[in-house]
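Reading the structure
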Amino acid sequence: NYWQSINIQNHKTNYNSRINCNLDTLNMYVKTIEVYVEAKANYVKGVVICHGKSEQCLSRYITSNLHLNIKPFAKNKGRHSIQITGLMSVLNSKPFNTKKAFLEEYPVETLGKGKSQKLINFKMFIMMDTDDCTEKQKNDFINRTMFSNHWLSEYIVPIYSIASFEDVMIDAGITST
């Protein structure tokens, strides 16, 4: 019976602890902690693709105040807008183009392996203005046919404003021009 002192750190949960115990007890602690850490992993529950800075600010405000593990995505921190007309080029580039690239960027809970692997407890919200596209593009976005050939299609939830989001905020008295 010799005593061992170790530091345990897990990069997924930033779990840090110092344990002083004999070797048998130490092995039991390590197994228990591994099971606990795996069960309590801090998975991303959603990603919000933001049209621009206003949508990104709203997304961050909601996720921060509701303590949701949802990550915003915007071009150049919202300084460059993502248009509905260019949305598929965003989805067809990293990190959204392949499941492997996506899971490297966003730690999402999964079930299964290979091509049958599914994302669990996850949604991709896409916040867009619909005032700068054709009626067909707007309808394809709203009814999700735009995404039908993309691997993320079953997880996509469109969020849209008919007028620009800035106009909606002005009408609501949240901001002024």
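See the structure above.
The paragraphs below set out a description of the structure included in this document. (Residues numbered from 1 in each chain as written. Predicted model: local features only at pLDDT ≥ 70, side-chain atom pairs only at ≥ 80, totals over all residues. Heavy atoms only, no water.)

1. Remarks on the overall build of the protein
Check the secondary structure of the protein and you find six helices and eight strands. Ordered by position from the N terminus, the helices and strands of the protein form the series β-β-α-β-α-β-α-α-β-β-β-α-β-α. Taking all 177 residues of the protein together, 36% fall into the buried category. Long-range pairs, those at least 24 residues apart, make up 57% of the contacts in the protein between residues at least 6 apart in sequence. Accessible surface for the protein amounts to roughly 11,300 Å². Of this, 52% is attributable to carbon and sulfur atoms. (Helix = DSSP H or I, 4+ residues; strand = E, 2+ residues; numbered from the N terminus. Buried < 20%, exposed > 50% of the residue type's maximum accessible area, 1.4 Å probe, protein only. Contact = heavy atoms within 4.5 Å. Areas by Shrake-Rupley, 256 points an atom, 1.4 Å probe, with all protein chains shown as cover.)

2. Here we look at helix 5 (residues 135-142)
When helix 5 is considered as a whole, its buried residues turn out to be Lys138, Asp140 and Phe141. One side of helix 5 holds all its buried residues, which, seen down the axis, span an arc of 165 degrees. Exposed and facing more than 90 degrees away from the buried side of helix 5 are Glu135 and Lys136. Downstream of helix 5 by a residue or two, Arg144 has a phi angle that is positive, lying close to 70 degrees. (Arc of directions from axis to C-beta.)

3. Section: the nonpolar core
Of all hydrophobic cores here, the largest spans 25 residues; its most connected members are Ile49, Phe96, Phe122, Met124 and Ile126. Put simply, the parts of the chain that give this core at least two residues each are strand 3 (46-50), helix 3 (87-91) and strand 7 (123-129). (Core = buried A, V, L, I, M, F, W, Y, C linked by side-chain atoms within 4.5 Å.)

4. Quick word on the packing of aromatic side chains
The relation between two aromatic rings is expressed through the spacing of the ring centres and the mutual angle of the planes. Across all of its chains, the model carries eight aromatic pairs by this definition. An angle of 40 degrees between the planes, with centres 6.1 Å apart, marks the rings of Phe96 and Phe102 as tilted. On the accessibility criterion, Phe96 (0% relative accessible area) is buried. For Phe102, a relative accessible area of 0% corresponds to the buried category. (Phe/Tyr/Trp six-rings, centres within 6.5 Å; stacked < 30°, edge-to-face > 60°.)

5. As for the layout of surface pockets
Considered as a void within the structure, the largest pocket measures approximately 150 Å³ in volume. In this structure, the largest pocket is lined by Val48, Leu58, Ser59, Ile62, Thr63, Leu68, Ile70, Phe125, Met127 and Ile159. When residues of the lining of the largest pocket are assigned to their parent elements, the largest contribution, four residues, is made by helix 2 (residues 53-65). Residues of the lining of the largest pocket, tallied by class, amount to eight nonpolar, two polar and no charged. (1 Å grid on protein atoms, 1.4 Å probe; cavity = no way out; pocket = protein on both sides within 12 Å on 5 of 7 lines; lining within 4 Å. Points joined across faces, edges and corners; volume = space filled by probe spheres on them. Nonpolar A, V, L, I, M, F, W, Y, C, P; charged D, E, K, R; others polar.)

6. Comments concerning a nonpolar patch on the surface
On the surface, Tyr61, Ile62, Leu66 and Leu68 cluster together into a nonpolar patch covering about 410 Å² of accessible area. Tracing the chain through its elements places Tyr61 in helix 2. (Patch = residues over 30% accessible without salt bridge, like charges linked within 9 Å, V, L, I, M, F, W, Y side chains within 5 Å. Salt bridge = Lys/Arg side-chain N within 4 Å of Asp/Glu carboxyl O.)

7. Some details on the sheet that holds strand 7
Taken in spatial order, the four strands line up as 4-3-7-8 in an open sheet, and their pairing is parallel. Only two strands of the sheet have a single partner each, and these edge strands are strand 4 (70-73) and strand 8 (156-161). With direction set aside, neighbouring strand axes in the sheet form an average angle of 20 degrees. Pairing geometry for strand 3 and strand 4, over four bridges, is parallel. Looking at strand 4, one finds that Val47 is bridged to Lys71. The sheet contacts of helix 5 involve strand 7 and strand 8, and relative to strand 8 the element is tilted by about 135 degrees. (Pairing = 2+ DSSP bridges. Axes fitted to C-alpha atoms, helices over the stretch in contact; angles between N-to-C directions.)

8. A word on helix 2
Its 13 residues place the ends of helix 2 18 Å apart at the C-alpha level, agreeing with the 18 Å of an ideal helix rising 1.5 Å per residue. Taken together, the buried positions of helix 2 are occupied by Ser54, Glu55, Gln56, Ser59 and Thr63. Once helix 2 finishes, His67 follows within two positions and takes phi at roughly 55 degrees, a positive value. (Expected span 1.5 Å × (residues − 1).)

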